[in-house]
Amino acid sequence: MAQTQRIFVAGHRGMVGSALVRLLGRRDDVELIVRTRQELDLTNQAAVQAFFAKERIDQVYLASAKVGGIHANNTFPAEFIYENLMIEANIINSAHLHDVQKLLFLGSSCIYPRQAPQPMQEQALLTGVLEPTNEPYAIAKIAGIKLCESYNRQYGRDYRSVMPTNLYGPCDNYHPENSHVIPALLRRLHEATEQHLPEVVIWGSGTPKREFLHVDDMAHASVHVMELDSATYQEFTQPMLSHINVGSGVDCSIAELAHTLAKVIGYPGKLTYDTSKPDGAPRKLMDVSRLQELGWKARIELEEGLKDAYGWFIENQSQARG
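Residues numbered from 1 in each chain as written. Predicted model: local features only at pLDDT ≥ 70, side-chain atom pairs only at ≥ 80, totals over all residues. Heavy atoms only, no water.

Burial of helix H1 (residues 15-24) is extensive: 8 of the 10 residues sit out of reach of the surface. Inspection of H1 places Met-15, Val-16, Gly-17, Ser-18, Ala-19, Leu-20, Leu-23 and Leu-24 among the buried residues, and these make up the whole buried set. In this structure, the buried side of H1 is in contact with strand S1 (5-10), strand S2 (30-33), strand S3 (59-62), strand S4 (102-106), strand S6 (166-168) and helix H7 (215-226). (Buried < 20%, exposed > 50% of the residue type's maximum accessible area, 1.4 Å probe, protein only. Helix = DSSP H or I, 4+ residues; strand = E, 2+ residues; numbered from the N terminus. Contact = heavy atoms within 4.5 Å.)

Written out as structure tokens, the structure reads:
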């Protein structure tokens, strides 16, 4: 970008949004625009339109979303579909109405069918039934992709979408009920170390395999995709299949993850597995060949990334523990 761009990062206090702010904030050609939830309610259409009318935004990174684990998705399905639909509809439409040409929408790997072949390719979208526990959230994220594609097709906008795998790192959610697997295990192992517990019991058999990506890698990938020239982006995507998977391209078992976390934390006890608890899908891995062909590959190895995540947790325990 030759001239300074006014870039709005929606959701700048979340894990991905804060990583984008850290990355973009180091650049001389970027003027960051951010708003807290108290300053701007993204579910309020009039407020969002007034914000865009006033701020003269050049680019948008749409990282704001209502997120949570299985428990939260099962308990509050109405809020998950409504709030996410409102946020993305208000921002994408207001961006168009106020002549913002470039926007990047951040989705989720849960958009793919429950039984999608592994590794999951972009072409698997809308080919089967979604996972019931997070279907409302997934539907909202699919709608975000289609909003971007529709404004591109009808109005010639350059609105792009990236679908991340499981993310972790600074500013993650460590809530005991609503967190995902890495923050949940990290917190339990840390507390077991503090309390000198001889054993930590992990739900399931430990055999399911999952893919993880450090959030700083996600931020780099997002900027990389946003700044691809239009011809290159269009060469590797289709008007109605335009999203791009973002992941490490490598997975590990839950047992391997737990042992790596125990090593990082210094937990000396025994790890056991409660096989009466559900495992979930045996494997969830993204096909990231499209992104690699576009010139980007993950750089942060899992153990290195977990050390960074644990360091943030230690420095921010009061915030992290909630």
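Here we come to the packing of aromatic side chains. Tallied over the entire structure, the rule returns 9 aromatic pairs. With centroids separated by 6.3 Å and ring planes inclined at 80°, the aromatic side chains of Phe-80 and Tyr-137 adopt a geometry described as edge-to-face. Taken together, the residues Phe-80 in helix H4 (residues 77-97) and Tyr-137 in helix H5 (residues 135-155) connect sequence positions 57 residues apart. Residue classification places Phe-80 among the buried residues on the basis of a relative accessible area of 2%. For the pair Tyr-310 and Phe-313, a centre-to-centre distance of 6.4 Å together with 15° between the ring planes defines the contact as stacked. Taken together, the positions of Tyr-310 and Phe-313, both in helix H11 (residues 302-315) and 3 residues apart, correspond to about one turn of that helix. The exposure classification of Tyr-310 matches that of Phe-313, with both residues buried. These aromatic residues form a ring-pair network of at least three members: Tyr-174, Tyr-310, Trp-312 and Phe-313. A cation sits over an aromatic face here: Lys-66 above Phe-80, 5.2 Å from the ring centre. (Phe/Tyr/Trp six-rings, centres within 6.5 Å; stacked < 30°, edge-to-face > 60°. Lys NZ or Arg CZ within 6 Å of the ring centre and 35° of its normal.)

Attention now moves to the pairing of strand S7 (residues 199-203). Alternating residues of S7 divide into Val-200 and Ile-202, all buried, and Glu-199, Val-201 and Trp-203, none buried. In this sheet, strand S11 (residues 270-274) lies alongside S7 in parallel orientation, the contact comprising 5 bridges. When the bridges of S11 are listed, Trp-203 appears paired with Asp-274. (Pairing = 2+ DSSP bridges.)

For the rest of this paragraph, the subject is H11. Given a rise of 1.5 Å per residue, 14 residues ought to cover 20 Å, and the 20 Å separating the end C-alpha atoms of H11 matches this to within 8%. Buried within H11 are the following residues: Gly-305, Leu-306, Ala-309, Tyr-310, Trp-312 and Phe-313. Mapping the buried residues of H11 onto a view down its axis gives an arc of 160°, with all of them on the same face. (Expected span 1.5 Å × (residues − 1). Arc of directions from axis to C-beta.)

What follows covers the packing of H1 against H7. Their axes nearest at 8 Å, the elements H1 and H7 cross at an angle of 65°. Here the hand of the crossing between H1 and H7 comes out right-handed. Residues Met-15, Val-16, Ala-19, Leu-20, Arg-22, Leu-23 and Leu-24 of H1 form the contact with H7, whose participating residues are Val-215, Asp-216, Met-218, Ala-219, His-220, Ser-222 and Val-223. Among the residues making up the contact of H1 with H7, the classes are represented as 10 nonpolar, 2 polar and 2 charged. (Axes fitted to C-alpha atoms, helices over the stretch in contact; angles between N-to-C directions. Left-handed = near helix turned anticlockwise from the far one by under 90°. Nonpolar A, V, L, I, M, F, W, Y, C, P; charged D, E, K, R; others polar.)

This structure, assessed with the given rule, holds 16 salt bridges. Across the pair Asp-99 and Arg-157 runs a salt bridge, and its minimum N-O distance is 3.0 Å. One end of the pair, Asp-99, is in the loop between H4 and S4; the other, Arg-157, is in the loop between H5 and strand S5 (158-164), and 58 residues separate them in sequence. Note that Arg-160 and Asp-158 form a salt bridge whose closest N and O atoms lie 2.8 Å from each other. Pair check on accessibility: Arg-160 and Asp-158 agree, each one buried. Each of Arg-6, Glu-31, Arg-35 and Glu-55 takes part in one network of salt bridges that share partners. (Salt bridge = Lys/Arg side-chain N within 4 Å of Asp/Glu carboxyl O.)

Right, let's get into the nonpolar core. Core analysis: the biggest nonpolar cluster contains 38 residues, and Phe-8, Phe-52, Val-60, Ile-91 and Leu-103 have the highest contact counts within it. Taken together, the elements giving at least two residues each to this core come down to S1, helix H2 (45-55), S3, H4, S4, H5 and S5. Residues contacting Phe-8, with those up to four places away along its chain left out, are Ile-33, Arg-35, Leu-40, Leu-42, Phe-51, Phe-52, Ile-57, Gln-59, Val-60 and Tyr-61. Listed in part, the 30 residues of the second largest apolar core include Ala-19, Val-162, Val-223 and Tyr-233. (Core = buried A, V, L, I, M, F, W, Y, C linked by side-chain atoms within 4.5 Å.)

Below, the discussion takes up the sheet that holds S1. The strand order across the open sheet built from 6 strands is S2-S1-S3-S4-S5-S9, with neighbouring strands paired in parallel fashion. Every other strand in the sheet has two partners, leaving S2 and strand S9 (244-246) as the edge strands with one partner each. The average angle at which neighbouring strand axes cross in this sheet is 25°, direction not considered. Together, S1, S2 and S3 form the strand contacts of H2, whose direction differs from that of S1 by roughly 160°. The strands that H7 touches are S3, S4, S5 and S9; relative to S4, the one it contacts most, it runs at about 145°.

None of the figures reported here should be taken as evidence of function without further support.
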